[in-house]
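The chain contents come next:
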Amino acid sequence: MIATPEATNPFFVNLDQIFVFLSNWLVGFLPAVLRPVAGVVLGVVAIVCVFPGLFALTTVFERKGLGRIQNRIGPNRVGPYGLFQPVADGIKSLTKEDIVPLRANAVVHFLAPLVLVVTVFMGFAVLPMGRNMVLVDMDAGLLFFFAMGAATELSVFMAGWSSRNKYSLLGAMRAVAQMISYEVVLLLSSVAVVMITGSLSLPKIVAAQNQYTGVFPHWYIFTPWGLAGFLMYAIAATAETNRSPFDLPEGESELVAGYHTEYSGFKFALFFLGEYLAMFSISGLGTTLFLGGWSAPFSFLVWVPSWFWFFGKVMLSIFVFIWMRGTLPRLRQDQLMNFAWKFVLPFTLLNLLVTALWRFMGEGWARWMVCTVILVAAYVVMGRVEMRSEHFGRRSYRYAE
Amino acid sequence: MNAVFYILAALTLAGGLATVLLKQLVHCALAVTVAFAGLALLFLQLDAQFAGFAQILVYIGAVAILIVFAILLTRGSELPKDGVFSKTWFLGLVIAAAVFAVLGWAVLASVSAVPQQNAVPSVTVRDIGIALVGRYVLPLEIVALLLTAATIGAVIVAMHEKERPR
Amino acid sequence: MLGDGILKGMAETARNFFGSFVSDERLTTVEYPEQRIPTVEAARVFPFLVYDGANWEAGMRCVACQICEKECPPKCIYIEKSADKKPDFVGKQQFYPTRFDIDVSVCMSCQICVEVCPFEAIKMDTQFELATEDRFGGLLYDRKELSRSNEYYHSIHPTEAGEVDARLAEEKAKVEARAKAAAEAAAAKAAAAANPTQLAGGGS
């Protein structure tokens, strides 16, 4: 694995492990009894600081990027190039009045954003963000991640129901229905990786991908089943985080703002934060499962710190999220559901079979051929058939034409 | 260790009691979620990671949502006018007591109720997986078949629903 | 094939994204307080009152006929007619408004007042930066705040103001010619009265 002289250079090794050393050094000041707890607390603090910081940066870059996509300039008033815009937004949301509707269910209304943010934060605990940089190395890390993801659905429902607003409730129902539908796909596309790796532990999944043939890594996206799985995962992740083109739950043209219509001030900011954090965590999981986690894209780049690669890949996925948001129009509800249950889910199930085939065919070019042919043929045929059906493809208007 | 257990037990029991005692149906659904979460944490406290996470994933992620959907799709979240307590509450009480007695008897009579001194066996996810597709493969397949049948049944019900208005 | 439309769209947005950094023509944004585009001549915001000469009170064209007040659809004009009279641009004695208020928070910029005014006294302004902290008194303009010189009118609507000036000059010339004719007639009459025989001779 370590191929280049830079990789063995103590400076780069230290740089790679700088956060681990820093944590150990800080914890070293405490008595030995407290050290394990303090280490975990330090990790939590780091996560709670880093990801909201990234969130702040992402909001401004998203707005600027969307602006550029639409040939606009984007925010450029607060600070140099508008970089302090999130600070202004934060102050604004902190100083805004916190409105709770008169007939709202105050306790549930209050709890919903908290449950959302807490469960989303929990997901980061099992993501390996660099070599030796995982907060809790769980045997069933992947399962933990999905368990936490499932719990966020409940918070969405809580928010929608407790607001006593028909738009909120409709948005919440849509969001929950959408999240359930796509969660199946999310799970099944991840199962393919588990089948190959034979482990639910995320650090082990990264370790399995951190090998090189020549200069090229063994990332799962570079296999036929991995590419198909990654595509399905990306679709499901977009739907799971309610991002465009799957942002029906907050379709402002029909639902005002969906389940967080009745939230204002800091509670709204929490929802916003939770949404972006979910995007980060789901990108982080996708990176870990298919894009080799913190491993370098070429064997001669191993000397670059592992955490750089992880965050680089996550931010790249975020960029693709923004790019898609700037490009694709919103789906209709029936299109959304038909797409999930009639195309994505069958294809993911087929991908599971192909993955099993890949696993048991043994090394060699034969499995590449067979798996690629099956997947491409299935994609083309299913695409043709589905696009022809009236529920899925082009809509024919009875009166407008 | 014990303190954690008592806190979790109290949480689970409080969730369960709230489920029974609260009037608003959606509140009950949320309270039962708390009970589920407490149960999952109890599993985790017993070092049963897989069971704990599966509990959260299945019960909070699916069952609770299902309950909530069922409530919202079948009735309004308003309180019924004639109270929420059934007229046959006494019968219910008797049945509940009987079920509780049977369960208690089963738990107390089982071997594992006796405190064991030997070390806790470490069950990894891998072991569970091997057991599922090895020793218990027949029950697993039967469950899978049953679920497939249920899914097909649900689809058929939904299809009939759709054709009627034409 | 399924998905090629998405790729096409993504390519298009990527082209926009990078193109906006390369070519300035793509960016149509005008960063308003610093950058401005000149207002077009036909732009209109709220009405103002035109006056001739240097003194707004003396030169005010408005004669308080109150047609605009009656025609205004949202009824945002309030006029009080004077008791005395002052000479207008041709020297004729006219009433003038002692009060002329426009509530621009009510005005809907329809320009009907301008259309109906027979005296070319009320015109539309192009000034749009009217924000004020006082949303009641601050947006109720009295006749002093409404007065703008004819030169200002020329500066914002040159073509229209030129036509108006030509029309007024023509009218003034007509009036003056009539006055001159009347004066000549009167002079001739007076002369005839003084010397009737000469009139007969001169008249032949």
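Going along each chain's sequence as written, the residues are numbered from 1 onward. For naming, the first written chain is A and the first written ligand is 1, with later ones following in the order written. Confidence filtering applies because this is a predicted model: local features only for residues at pLDDT of at least 70, side-chain atom pairs given and counted only at 80 or more, and all residues used for totals across whole chains, interfaces and linings. Hydrogens are left out, water is left out, and the side-chain values use all remaining heavy atoms of the structure.

## Some thoughts on the overall build of chain B
Thought 1: Scanning chain B from N- to C-terminus turns up 6 helices and 0 strands.
Thought 2: Tracing chain B from N to C terminus, the helices and strands come up as α-α-α-α-α-α.
Thought 3: Any two residues having at least one pair of non-hydrogen atoms within 4.5 Å are treated as being in contact. Restricting the contact set of chain B to residue pairs at least 6 apart, pairs at least 24 apart contribute 52%.
Thought 4: Only the protein chains shown count as cover for residues, and the accessible areas themselves come from Shrake-Rupley with a 1.4 Å probe. Only carbon and sulfur atoms are counted for the fraction: they give 74% of the accessible area of chain B, which is about 12400 Å². Helix and strand labels come from DSSP, where a helix needs a run of H or I of at least four residues and a strand needs a run of E of at least two; each type is numbered from the N terminus.

## A look at the domain arrangement of chain B
Thought 1: As annotated, the domain borders come from an automatic or database domain assignment. According to the domain assignment, chain B consists of domain 1 (1-77) and domain 2 (124-166).
Thought 2: Using C-alpha coordinates to define each centre, domain 1 of chain B is positioned 24 Å away from domain 2 of chain B.

## Thoughts on the state of the cysteines
Thought 1: Throughout, a disulfide means two cysteine sulfur atoms within 2.5 Å of one another. Across all of its chains, the model carries 0 disulfides over all chains by this definition.
Thought 2: Take cysteine 72 of chain C: it sits in no disulfide, and the sulfur closest to it among the cysteines is that of cysteine 76 of chain C, at 3.6 Å.

## Some details on the arrangement of the chains
Thought 1: Among 2 pairs of chains with at least one contact, chains A and B form the most extensive contact set.
Thought 2: The two units chain B and chain C are non-contacting; their minimal C-alpha-C-alpha distance is 26 Å.

## So, the pattern of salt bridges
Thought 1: We define a salt bridge as a side-chain nitrogen of Lys or Arg found within 4 Å of a carboxyl oxygen belonging to Asp or Glu. Taken as a whole and assessed by the stated rule, the structure comprises 18 salt bridges over all chains.
Thought 2: With a shortest N-O distance of 3.3 Å, arginine 77 of chain A and glutamate 34 of chain C are connected by a salt bridge. Of this pair, arginine 77 of chain A sits in the loop between helix H4 (35-69) and helix H5 (85-95) while glutamate 34 of chain C is found in the loop between helix H1 (4-22) and strand E1 (47-51), placing the two residues in two different chains.
Thought 3: Residue lysine 267 of chain A is joined to aspartate 98 of chain A by a salt bridge in which the shortest nitrogen-to-oxygen separation is 3.5 Å. Here aspartate 98 of chain A lies in the loop between H5 and helix H6 (106-123) and lysine 267 of chain A lies in helix H12 (residues 265-290), a separation of 169 residues in the sequence.
Thought 4: Counted as one network, the salt bridges with shared partners bring together Glu62, Arg243 and Arg325 of chain A.

## Side note on the pairing of strand E5 (residues 97-103) of chain C
Looking along a regular strand, one sees side chains alternate from face to face of the sheet.
Residue and element names in this part refer to chain C.
Thought 1: Two elements, strand E2 (residues 77-81) and E5, share 5 bridges in a ladder whose sense is antiparallel. The residue bridging lysine 81 from the neighbouring strand is proline 97, located in E5.
Thought 2: Criterion used throughout: strands pair if DSSP finds at least two bridges between them. Pairing of E5 with strand E7 (residues 140-141) involves 2 bridges; the strand directions are antiparallel. Bridging across to E7, isoleucine 102 finds its partner in tyrosine 141.

## Some words on the interface of chain C and chain A
Thought 1: Between chain C and chain A, the contact holds 18 residues from the first and 20 residues from the second.
Thought 2: By convention, the term buried area covers the 1.4 Å-probe accessible surface removed from two parts as they join, with the contributions of both added. Taking both partners together, chain C and chain A bury about 1800 Å²; carbon and sulfur atoms supply 66% of that area.
Thought 3: In terms of surface lost to chain A, no three residues of chain C exceed Leu2, Met10 and Phe17 of chain C, which account for 37% of the buried area on that side.
Thought 4: Measuring nitrogen to oxygen at the nearest pair gives 2.8 Å for the salt bridge that ties glutamate 31 of chain C to arginine 77 of chain A.
Thought 5: Between N or O atoms, a polar contact is any pair within 3.5 Å; within protein, one atom must be a potential hydrogen donor and the other a potential acceptor, and residues adjacent in sequence are included only when both atoms are from side chains. Taken together, the links from chain C to chain A amount to 8 residue pairs in polar contact (both at pLDDT 80 or more).
Thought 6: Gly falls in the polar group here, along with every residue not listed as nonpolar (Ala, Val, Leu, Ile, Met, Phe, Trp, Tyr, Cys, Pro) or charged (Asp, Glu, Lys, Arg). For the side of chain C that touches chain A, the class distribution of residues is 8 nonpolar, 7 polar and 3 charged.

## Some details on the interface of chain B and chain A
Much of the literature gives interface size as the accessible area that the parts lose upon coming together.
Thought 1: Each side of the interface is counted separately: chain B has 25 residues, and chain A has 29 residues.
Thought 2: Between chain B and chain A, a total of about 2200 Å² is buried, with carbon and sulfur atoms accounting for 77% of that surface.
Thought 3: Area buried by chain B at its contact with chain A is led by Phe53, Leu57 and Ile65 of chain B, which between them contribute 26% of it.
Thought 4: Joining chain B to chain A, the criterion identifies 0 salt bridges.
Thought 5: Here chain B and chain A share 1 residue pair in polar contact (both at pLDDT 80 or more) between them.

## Observations concerning helix H14 (residues 333-361) of chain A
Residue and element names in this part refer to chain A.
Thought 1: The end-to-end C-alpha distance of H14, which contains 29 residues, comes to 40 Å, matching closely the 42 Å that a straight helix rising 1.5 Å per residue would cover.
Thought 2: Residue phenylalanine 339 marks the point of greatest curvature in H14, where the axis turns by about 35 degrees.
Thought 3: Two residues or fewer after H14 comes glycine 362, characterised by a positive phi angle close to 80 degrees. Here a helix's expected span is defined as the number of its residues, less one, multiplied by 1.5 Å. The term bend refers to the angle at a residue between two fitted axes, each drawn through seven residues, those ending there and those starting there.

## Topic: the sheet that holds strand E6 (residues 122-124) of chain C
Residues and elements named next belong to chain C.
Thought 1: With respect to topology, 3 strands assemble into an open sheet ordered E6-E1-E8, the strand pairing being mixed. Among the strands making up the open sheet, the edge pair consists of E6 and strand E8 (147-149). Sheet twist, expressed as the average angle between the axes of neighbouring strands with direction ignored, equals 50 degrees.
Thought 2: Bridge analysis of E1 against E6 gives 3 bridges, and the strand direction is antiparallel. What sits directly across from leucine 49, in E6, is isoleucine 122. Throughout, an axis means a line fitted to C-alpha atoms (over the contacting stretch in the case of helices), and angles, computed between N-to-C directions, take values from 0 to 180 degrees.

## Examining a nonpolar patch on the surface
All names here are of chain A.
Thought 1: A cluster of nonpolar side chains, contributed by Leu57, Phe61, Tyr81, Leu83, Phe84, Val87 and Ile91, occupies part of the molecular surface with about 720 Å² of accessible area.
Thought 2: Residue assignment for the nonpolar patch shows that the elements contributing at least two residues are H4 and H5.
Thought 3: Checked against the element boundaries, leucine 57 lands in helix H4.
Thought 4: Only protein chains enter the calculation, and the probe is 1.4 Å; a residue is then buried if its accessible area is under 20% of its type maximum, exposed if over 50%, and partly exposed in between. Given a relative accessible area of 38%, leucine 57 falls into the partly exposed group. Nonpolar side chains (Val, Leu, Ile, Met, Phe, Trp, Tyr) within 5 Å and like charges within 9 Å form the patches, drawn only from residues with over 30% relative accessible area and no salt bridge.

## Structural notes on the confidence of the model for chain B
The predicted coordinates should not be examined in detail at positions where pLDDT is low.
Thought 1: The pLDDT score gives, residue by residue, the confidence of the prediction method on a 0 to 100 scale. On average, chain B scores 80 in pLDDT, and the residues at 70 or more come to 80%.
Thought 2: Model confidence for chain B, summarised as mean pLDDT per element, is weakest for helix H5 (residues 125-133) of chain B at 81 and strongest for helix H4 (residues 89-109) of chain B at 89.

## A closer look at empty space enclosed by the protein
Residues and elements named next belong to chain A.
Thought 1: Lining residues are those with an atom within 4 Å of a point, where the points come from a 1 Å grid over the protein atoms alone and group into cavities, where a 1.4 Å probe fits but cannot get out, or pockets, open sets with protein on both sides within 12 Å along at least five of seven lines. Grid points are joined across faces, edges and corners, and a volume is the space filled by probe spheres set on the points. Under the criterion given, the structure shown has 5 cavities of 30 Å³ or more.
Thought 2: Around the largest cavity, the lining comprises 24 residues; the ones closest to its centre are Val120, Thr152, Met179, Glu240 and Ala278.
Thought 3: Of all the elements in the fold, those that place two or more residues in the lining of the largest cavity are H6, helix H7 (141-162), helix H8 (166-197) and H12.
Thought 4: Among the elements that make up the lining of the largest cavity, the one with the highest residue count is H7 (7 residues).
Thought 5: Taken together, the residues of the lining of the largest cavity break down into 13 nonpolar, 8 polar and 3 charged.

## A short note on unusual backbone geometry
Thought 1: Residue proline 245 of chain A follows serine 244 of chain A across a cis peptide bond; omega there is 5 degrees.
Thought 2: With respect to the helices and strands, proline 245 of chain A occurs in the loop between helix H10 (224-240) and helix H11 (252-255).
Thought 3: Unusually for a residue other than glycine, alanine 64 of chain C sits at a positive phi of about 60 degrees.
Thought 4: If you trace the backbone, alanine 64 of chain C turns up in the loop between helix H2 (56-59) and helix H3 (67-71).
Thought 5: Judged by relative accessible area, which is 1%, alanine 64 of chain C ranks as buried.
Thought 6: With a phi angle near 75 degrees, glutamine 111 of chain C is a residue other than glycine that sits in the positive phi range.

## Observations concerning the packing of aromatic side chains
Thought 1: In this analysis, rings of Phe, Tyr and Trp, with Trp reduced to its six-membered ring, are considered paired at centre separations within 6.5 Å, and the interplanar angle assigns stacked below 30 degrees, edge-to-face beyond 60, and tilted for intermediate values. In total, this model carries 35 aromatic pairs over all chains according to the counting rule given.
Thought 2: Both rings, one in phenylalanine 319 of chain A and one in tryptophan 323 of chain A, keep their centres 6.1 Å apart while their planes meet at 40 degrees; by these two values the pair is tilted. Taken together, the positions of phenylalanine 319 of chain A and tryptophan 323 of chain A, both in helix H13 (residues 306-327) and 4 residues apart, correspond to about one turn of that helix.
Thought 3: Looking at tryptophan 323 of chain A, the relative accessible area reads 24%, which means it is partly exposed.
Thought 4: Seen in terms of ring centroids, phenylalanine 319 of chain A and phenylalanine 17 of chain C are 6.0 Å apart; in terms of plane orientation they differ by 75 degrees. Their pairing is edge-to-face. Of the two residues, phenylalanine 319 of chain A sits in helix H13 while phenylalanine 17 of chain C sits in helix H1, which places them in two different chains.
Thought 5: An aromatic cluster is present here, built from Phe51, Phe121, Phe124, Phe280, Phe310 and Phe311 of chain A joined pairwise through their rings.

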